[in-house]
Structure formats: structure tokens, C-alpha cells
Amino acid sequence: MSGLRAPSDYSAEPPRHPSLLVNSQEPFNAEPPRAALIESYVTPVDLFYKRNHGPIPVVDDIERYRLSICGLVEKPLEISMADIVNLPKHIVTATLQCAGNRRTAMSKVKTVKGVGWDVSAIGNAVWGGAKLADVLQLVGIAKLASVSPLGGKHVEFVSVDMCKEEKGGPYKASIPLIQATNSDAEVLLAYEMNGEPLNRDHGYPLRVVVPGVIGARSVKWLSSINIIENECQGFFMQRDYKMFPPTVNWENIDWSTRRPQMDFPVQSVICSLEEENAVKPGKVVVHGYAVSGGGRGIERVDVSFDGGKTWVEATRYQKSGAPYVADDTGSDKWGWVLFKAEASVSRSTEIVAKAIDIAANVQPENVDAIWNLRGILNTSWHRVRIHVEH
Ligand code: MTE
Ligand code: MO
């Protein structure tokens, strides 16, 4: 009775921007051309990647929408959109990145299972909504609680969309209660994206945004929140989005040996060039994005114009070209930074980018070392080739 309806087919899909590169039509999975990502610090909604596992849900009457909060709580509650909008509104600039970003490049090492993505299964948006920590207080769960009064330790987010992986059931995921009740983790129940009401593709009327964590945990079309003792047992937590070593294959995989992936690692990508480029000798300018998970800002981005032998430090910028300032107000905490570097090139070569976060984590040099059968978290040095034509 959430007021959200899940179509069983794809006849009620929303309109989409024609320049999106479609990786799968049904369910709809698409990303913008990489050059579009560096046009602005905040990614426009219509160009923001769309990652779905089933048909897009429908809201027939927003007045009838209810979010239920239940499970290990003393007083389960149903709240309306008006109730949520009445809570203090919080704005968070956060980058959402699919764990499958750059999967296509990983599959070139050895086949992986999953939707192919180039480098744009990522976007930076300004999310507006209520803090999950405030919402949980409504059911008697205190700020910074790691256990609810009835013994809950995880917060499960349940949608309504019908996913074949869930055998027709809804998409779901969970995060630890301690993260959910921590105001500083800034987990949102978002109803706005870039100052507009969420659109259907991105979770209208309400979605979770878990900053610094792989996109898979930011459940769209939120229908209920369950306070549970153990983490969510859904497909996308237990049999997907886990990081395995390169030795694990589909014959010997034991899903129970690994934890669900949460924070994403440090990442950077050159967006102003394609994988292969013909250029004239002379100055080459590269632009791209860099981001890390878990609230770790970007310390440095290195760019090589000779295949990784020597490096120059890129300049970073945020917000309409303003210079990047690493400060303690958290301006770069959850959002990406854009970077720029230039050099003169006379020979065909590889241009490479690698980022370092504030914990000094650095991207791995080669994709082979992090190859995994699901093709997640390809954060290897990003390489593009330039062919100099004299
Ligand atoms: N929520 C629901 N209900 N259904 C989904 O298929 N996909 C997840 C997450 N939330 C998904 C979902 C994944 S894997 C990602 S990467 C993000 O949503 C993508 O969010 P976006 O489509 O707004 O970019
Ligand atoms: Mo994802």
C-alpha cells in the first residue's frame, strides 16, 4: 500500500535524452558520452547515468504514497511525502557511481558477467531530502545508535520494482544502523536532484542516497525501511556486488565468503579523450574526474603523457571552474573533483591518469590484478591512446 506501482513490462518507461549511450534497453541502462561529464561540476539529470534492474515504477497519486518504517522498532510508522518534506531539508553534493563503471575495459582481460559500461556510470548531483538519521528518530532510534531498542543492527531499504534477479521481487539493500543514524554520514532520503523533484528514472518520489558508497545501496523508489538484525539477504547484497579475487570463477565461487561491497575505492578517468584518438603534434589538454569513497577527498591527480613513465600533477577544480580548495568544511567530501593537465606531445603514446585520496590510497596500475568475475570496481589507471599524425 505504498502508492507505488511496479509495472511488469516496459510499456510505461519515461522519456530519455537521445544522446545517452544505451547499454541495455530492458531494463534501461544507459550512460552519457564521457565528454558530457566534464561539461559541468553538477551532472544534468537527463545526462546522469541510469541503472535499473526492472521496469520503472509508477506513482498514480502522490497523496497516497506512504513510506513504512517497520521491523525491530517499538512503533512501526507509515509516513507520507508531506511528513518527509516537513522534516529539516538537507542538501548534499554527492557522486553516485555504479560498481560496474568501466566494466567493459575489465572484460577485455577476460569475460565478466554484467551490463557493459564505459567510463560514465557515474555522476555528481546535488541531492535534497531528509536525513535518514532524522527519519529514524521518528521510530525511537537515537542518533549514533548502533543497535535499536529491539536489537536491530541494519537498515534495509526495500523498493517495489520487479527484478528478475529477485525472481520478480523488489530491489533491496541495507546499510549498518550506525551509518544510518550518523548525521555526519549524510545518508539521505532524497526527493530532489539538482533542485528539481526526482524524476522517475532516478527514484521518484523518494530514494536513498548513501554518499561514498557504491550506487547499488542507494535504493530508488523507496517503499519501506526495515530495521533488521542481520544485513539484508537480498540478491544484490548477497549474490552480487561483492569483490572476489581473480582466482574465483563461476565453478568455485562461494558467495558467503565475501562481504557486500560498500565504500567505493579511489577512481579517476580522462573524459576529454576517447580510448583511441588521432591528434596533431603539439599541446594536448586532458580533463577528467576523480573521486574516492567513504568521504575521502582527492589529494592529488597525476597524469602521464608517456604511458606512465613520468607524471605531472593535474590542477583540480570544482563548481563552475573555481579552483579546487581542500578545506575542512567537507566541500570535496562526497563529490568528485574535475581535473585538467596539459603537455606537448610529438609521438604516439598513452596518456594515463591516476588519483590519490586523502588516505593515500592510489589506483592500481593494471586491470589484470583486480579482475573479478562480476567485473566490478575497475579502478585501474585510466589509459587513453593518442596517435600523433604528422
Ligand atoms: N534501486 C532500485 N529500486 N532498483 C535498481 O535497479 N539500481 C541500483 C541503485 N538503486 C537500483 C536501485 C544501482 S546498481 C545503481 S548504480 C543506482 O541505483 C543507480 O542510480 P541512478 O539510476 O539514479 O543513476
Ligand atoms: Mo550499480
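Source: prediction; values computed, not measured. (Residues numbered from 1 in each chain as written. Chains lettered and ligands numbered in written order. Predicted model: local features only at pLDDT ≥ 70, side-chain atom pairs only at ≥ 80, totals over all residues. Heavy atoms only, no water.)

**With respect to the state of the cysteines**
Counted under the stated rule, the structure contains zero disulfides. The structure places no disulfide on C163, whose sulfur is separated from the nearest cysteine sulfur, that of C232, by 11 Å. With no disulfide partner, C271 has as its closest neighbouring cysteine sulfur the one in C98, 16 Å distant. According to the relative accessible area criterion, C271 is buried, its value standing at 1%. (Disulfide = S-S within 2.5 Å. Buried < 20%, exposed > 50% of the residue type's maximum accessible area, 1.4 Å probe, protein only.)

**Quick notes on the site of ligand 1**
In the vicinity of ligand 1 there are 20 residues, among which H53, D161, H202, R207 and K220 approach most closely. Interatomic distance of 2.8 Å between a backbone N/O atom of Y49 and an oxygen atom of ligand 1. Taking R207, its side chain carries an N or O atom lying 2.7 Å from an oxygen atom of ligand 1. Among the secondary structure elements, those contributing two or more residues to the shell around ligand 1 are β4 (50-51) and β10 (154-162). (Near = heavy atom within 4 Å. Polar contact = N/O pair within 3.5 Å; in protein donor to acceptor, adjacent residues only side chain to side chain. Helix = DSSP H or I, 4+ residues; strand = E, 2+ residues; numbered from the N terminus.)

**Points about unusual backbone geometry**
Here the bond from E26 into P27 is cis, since omega is -5°, no more than 30 degrees from zero. Following the sequence through the fold, P27 ends up in the loop between β2 (21-24) and β3 (29-31). In this chain, Y204 is followed by P205 through a cis amide linkage whose omega measures 10°. Within the secondary structure, P205 is located in the loop between β13 (196-197) and β14 (207-209). Residues other than glycine seldom take positive phi values, yet A360 does so here, at roughly 65°. Among the secondary structure elements, A360 is positioned in the loop between β24 (349-357) and β25 (382-388). Here A360 falls in the exposed class, since its relative accessible area comes to 58%.

**Describing the environment of T247**
Inspection of the secondary structure puts T247 in the loop between α6 (235-238) and β16 (267-270). Separated by 79 residues in the primary sequence, T247 and G168 have C-alpha atoms spaced 32 Å apart.

**Details of the sheet that holds strand β17 (residues 276-279)**
In any sheet, the strands associate via hydrogen bonds between backbone groups, in a parallel or an antiparallel arrangement. Sheet architecture is open: five strands sit in the order β17-β25-β24-β19-β20, paired in mixed fashion. Only two strands of the sheet have a single neighbouring strand rather than two, namely β17 and β20 (312-313). With four bridges connecting them, β17 and β25 associate as parallel partners. Looking at β25, one finds that E276 is bridged to R385. (Pairing = 2+ DSSP bridges.)

**Focus on the domain arrangement of the protein**
Along its sequence, the protein is organised into domain 1 (4-257) and domain 2 (267-388). Here the C-alpha centroids of domain 1 and domain 2 sit 26 Å apart. Taken together, the contacts link 47 residues of domain 1 with 42 residues of domain 2. Counting the surface domain 1 buries against domain 2, the share from its top three residues, R34, Y41 and R102, is 23%. The interface formed by domain 1 and domain 2 holds three salt bridges in total. One salt bridge connects E275 with R34, and the closest N-O pair in it is separated by 2.7 Å. Counting the contacts that link domain 1 with domain 2 gives 21 residue pairs in polar contact (both at pLDDT 80 or more). For the side of domain 1 that touches domain 2, the secondary-structure elements that each account for two or more residues are α1 (34-37), β8 (90-97), α3 (103-107) and β9 (122-131). Element by element, the count of residues in the side of domain 1 that touches domain 2 is highest for β8, at five residues. (Domains from an automatic or database assignment. Contact = heavy atoms within 4.5 Å. Buried area = accessible area lost by both parts, 1.4 Å probe. Salt bridge = Lys/Arg side-chain N within 4 Å of Asp/Glu carboxyl O.)

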